[in-house]
Structure formats: structure tokens, C-alpha cells
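Topology and contacts: notes
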Amino acid sequence: GMCAALVLPVHAQVSDLNDAINKAGRQRMLSQRVGKAYLALGLQVQSAAATKVLDQSMALFDRQLTELKVFAPTAAIRETYAQLETQWSALKGVLVGSAPSAANAVKLLSLDATVLALANTGTSQLEQVHGKPTGKLVNIAGRQRMLSQRMAKFYMALAWGVEAATATSELAKARTEFAQALEILRNAPEATAEIHQELALADAQWVLFGAAISAKPSTGNAANVFSASENLLTVMDKVTGLYSKLQKH
């Protein structure tokens, strides 16, 4: 409704390639965050927060998709975003079509994988156009946001008993990737004192999140995972923003 629209900036546009990589990367995160919220609603976990997260994430995805289509510097990138728009429409059909069900959750996990893959392609294409070290770091930092939501999403799937085998292996894989990327970000010569300060906060949130996803999947524990994933997302988004403002490299 109108209320949701009011929180969005009026002059939404992509300012430069770093900003484009940040926003393109954020689309990856949103593909997983909507899934997390949908599964939480199915589990009846954090329902008020999950409804808000779902609505805000869909609005933000729509807005950034428009911005990225306008900004797209090459025909290949324009084509990626045209495809992403089609697949996003299909995913939205599941998200808002009817009340969450286990059967629809299986469909959701397949559709959000396609949206994630295309969003990732767009991010990589923009990073290649950029061609500088900061572009890569914005991409890596930005991907941590996606992994935080992906881990939470698969934890929700386990708590609901949906696609359990896939969820178990994908959760473990994402966990390893997140830890490895934190090392890369920490050791990057481009990292400023401010970035190191935020990364210390990220480490603290990562410890809390790790404890939450190590707990036996249940609706009670899923509520903790939901909250912890939002906190981890917030700090990783801040880190990504700081990397995207490093203009010198």
C-alpha cells in the first residue's frame, strides 16, 4: 500500500559502478530473504516481522530492478535484467499468490534459486565492467548478505521438514563460504580502520548466528535464527556500503 512507498527514497538511481555492484548484489540477498520470510510465515515464526520483511524486500527488489535496468551499461547486462524480471515475476507469484504451504515452499526454493543465479550473473557482469579491486571486494562483502539470508532460509526449511537433504548440505556449504569470505575481507589491503571496526562487529554477530543455526531445527529456535540473520545482514550491508565508497582504487 501507500505506507510502504513512503519510506523509499525519491531520487532512486545508480550513482556509479560501485553502487551498481552493491545494488546488484543486494538483489541476490533479497532473493533469499523473501524465501526466509515466506518459510517463517509457513512455520508461524516471527509472523509480524516476517510479513514486514517480505513486503519491504519485494518493494526494494522491484525498485532496484528498475534502477539496474536503466543503468545497465551493456546489451548483455540489459538482457540479464530482462531475464531476471521474468523470473522475479514467477517467484512473486508464489510469494503472494496464496498462504504458505509445504508444497508451495518446494516451488519457492526452486524459483528463488533461478532468481539468485541471474542476480549473481548481473553482479559479476558489472564487476567485470568495473575491473578494479574494490569492485571485487564490494561483490564479496555484498555476497555475505545473501549467505546470511540463505543460511536462515535453509534453517527454516529444516524446521518445516521441506527439502531436508538439500537444506542440510546447502546450509553447511553457505556456512563455510561465509567464514572464508570474512577472512578475505579482513585481510584486504583496501580495508580501512572503519571497515575493520565494522568487521569486528560482523565477527560478533557471526558467532551469535553460528550458535543459532547450530541449535536443533525447531520453531522456537527458528525464531532466534530469524532475528540473528537480520542482525548479521545489517552489519554486512554496512561493510558493503563502506567498500562501495572506496573510490580511489
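Now for the pattern of salt bridges. Overall, the coordinates contain 15 salt bridges when judged by the stated rule. Across the salt bridge formed by Glu230 and Lys36, the nearest N and O atoms sit 2.4 Å from each other. Taken together, the positions of Glu230 in helix H9 (residues 219-244) and Lys36 in helix H2 (residues 17-43) put the pair 194 residues apart, joining distant regions of the chain. Neither residue differs from the other here; Glu230 and Lys36 are each classed as buried. In this structure, a network of salt bridges that share partners links the residues Asp19, Lys23, Arg63 and Glu67.

Moving on, we come to the side chain of Lys36. The class for Lys36 is buried, based on a relative accessible area of 0%. Setting aside anything within four residues of it in sequence, one finds Lys36 in contact with Gln149, Ala152, Lys153, Met156, Phe226, Ser229 and Glu230.

All right, on to the packing of aromatic side chains then. A full pass over the atoms with the stated rule returns three aromatic pairs. Their ring planes at 20 degrees and their centres at 3.8 Å tell us that Phe61 and Trp88 sit as a pair that is stacked. Residue Phe61 is located in helix H3 (residues 47-71), and its partner Trp88 is located in helix H4 (residues 75-97); the two are separated by 27 residues in the primary sequence. The exposure class of Phe61 is buried, given its relative accessible area of 0%. Judged by centre distance (6.2 Å) and plane angle (20 degrees), the rings of Trp206 and Phe209 are stacked. Note that Trp206 and Phe209 are positioned in helix H8 (residues 193-214) at a spacing of three residues, about one turn of the helix. Assessed through its relative accessible area of 0%, Phe209 is described here as buried.

Definitions and limits used
- Residues numbered from 1 in each chain as written.
- Predicted model: local features only at pLDDT ≥ 70, side-chain atom pairs only at ≥ 80, totals over all residues.
- Heavy atoms only, no water.
- Salt bridge = Lys/Arg side-chain N within 4 Å of Asp/Glu carboxyl O.
- Helix = DSSP H or I, 4+ residues; strand = E, 2+ residues; numbered from the N terminus.
- Buried < 20%, exposed > 50% of the residue type's maximum accessible area, 1.4 Å probe, protein only.
- Contact = heavy atoms within 4.5 Å.
- Phe/Tyr/Trp six-rings, centres within 6.5 Å; stacked < 30°, edge-to-face > 60°.

From the geometry alone we can't say anything about function, so treat these as descriptive.
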